[in-house]
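Architecture and fold: a report
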Amino acid sequence: MCRRLYERGLIAGQDGNVSVRIAEDRVLVTPAGMSKVDVRTSDIVELKLLADREVESKGSREESSEVEVHLAAYGVRPDVHAVIHAHPPTAIGFSVAGETVEHPLLAELKYGVGTVPLVPYEPPGTRALADIAAEFLRSYDVVLLEHHGAVAVAPTLLVAHQRMESLEHAARILLVARQVKGRAN
Ligand SMILES: [Zn+2]
């Protein structure tokens, strides 16, 4: 999944993180400080969830610094078993412009993604970001983090990926539509 995100241009450098909930109190997550294209099975970190948002980590590496968003999402969504955080460039461009990716008739968005709220900016890796993102993820499957990236949640990793991919695809279509319209005026 890491390689797929990288190959589709949804992450670059050390961007992004992927997790799967394998039991009520256990989550597998990608490591900190690695380009996701290089991640191997042995790099994956297993987290045991303890009380008061503490975790016990098992593995040769440290867990992603942005894992709090994933854990907060699992906390508010019992139906969710996979979380993907990526930096889809066109969709982020919308968020940098203070907008979200929306169109009432675009099939990618309507059926694959749903409404995508824009989560107000909080610094990456902070509990404040995890808390505010989780508030939105209670009601939505995909959110845009202002000036930062996107989070997609789903019952499975494949569906979370499809949602992330569809978000970026829709953003590109909407961007082209604006350019064409701009030229026509
Ligand atoms: Zn990020």
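Heads up: the structure comes first, above all this text.
Residues numbered from 1 in each chain as written. Predicted model: local features only at pLDDT ≥ 70, side-chain atom pairs only at ≥ 80, totals over all residues. Heavy atoms only, no water.

Okay, the coordination of the zinc ion next. Protein ligation of the zinc ion involves Glu-66 (OE), His-85 (NE2), His-87 (NE2) and His-148 (NE2), the donor distances falling in the range 2.1 to 2.6 Å. Taken together, the four donor atoms coordinating the zinc ion span angles of 78 to 166 degrees at the metal, a pattern that classifies the geometry as irregular. Mapped onto the sequence, the donors of the zinc ion take the spacing E-x18-H-x1-H-x60-H. Of the two residues, His-85 sits in strand β5 (residues 82-86) while His-148 sits in the loop between β7 (142-145) and β8 (149-154), which places them 63 residues apart along the sequence. A residue is classified by how much of its surface remains accessible, and His-85, at 3% relative accessible area, is buried. For His-148, a relative accessible area of 8% puts it in the buried group. (Donors = N, O, S within 2.8 Å, 3.2 Å for Na, K, Ca; no water. Tetrahedral: all angles 85-135°; square planar, octahedral: opposite > 155°, others 65-115°. Helix = DSSP H or I, 4+ residues; strand = E, 2+ residues; numbered from the N terminus. Buried < 20%, exposed > 50% of the residue type's maximum accessible area, 1.4 Å probe, protein only.)

Bringing the environment of Pro-117 into the picture now. Mapped onto the elements of the fold, Pro-117 is located in the loop between α4 (107-113) and β6 (118-119). Judged by relative accessible area, Pro-117 falls into the buried class, the value being 11%. Once the C-alpha coordinates of Pro-117 and Leu-137 are considered, the two residues, 20 residues apart in sequence, prove to be 9.2 Å apart. Aside from chain neighbours lying at most four places away, what touches Pro-117 is Thr-100, Phe-136, Tyr-140, Val-142, Val-143 and Leu-144. (Contact = heavy atoms within 4.5 Å.)

Attention shifts here to the pairing of β8. The element β8 is extensively covered by neighbouring structure, given that six of its six residues are classed as buried. Burial along β8 is two-sided: Gly-149, Val-151 and Val-153 and Ala-150, Ala-152 and Ala-154, pointing in opposite directions, are all buried. Across four bridges, β7 lies against β8 in antiparallel orientation. Across the sheet, residue Val-142 finds its bridge partner in β8, namely Ala-152. Between β7 and β8, which follow one another and run antiparallel, lie three residues, and His-147 among them has a positive phi close to 60 degrees. (Pairing = 2+ DSSP bridges.)

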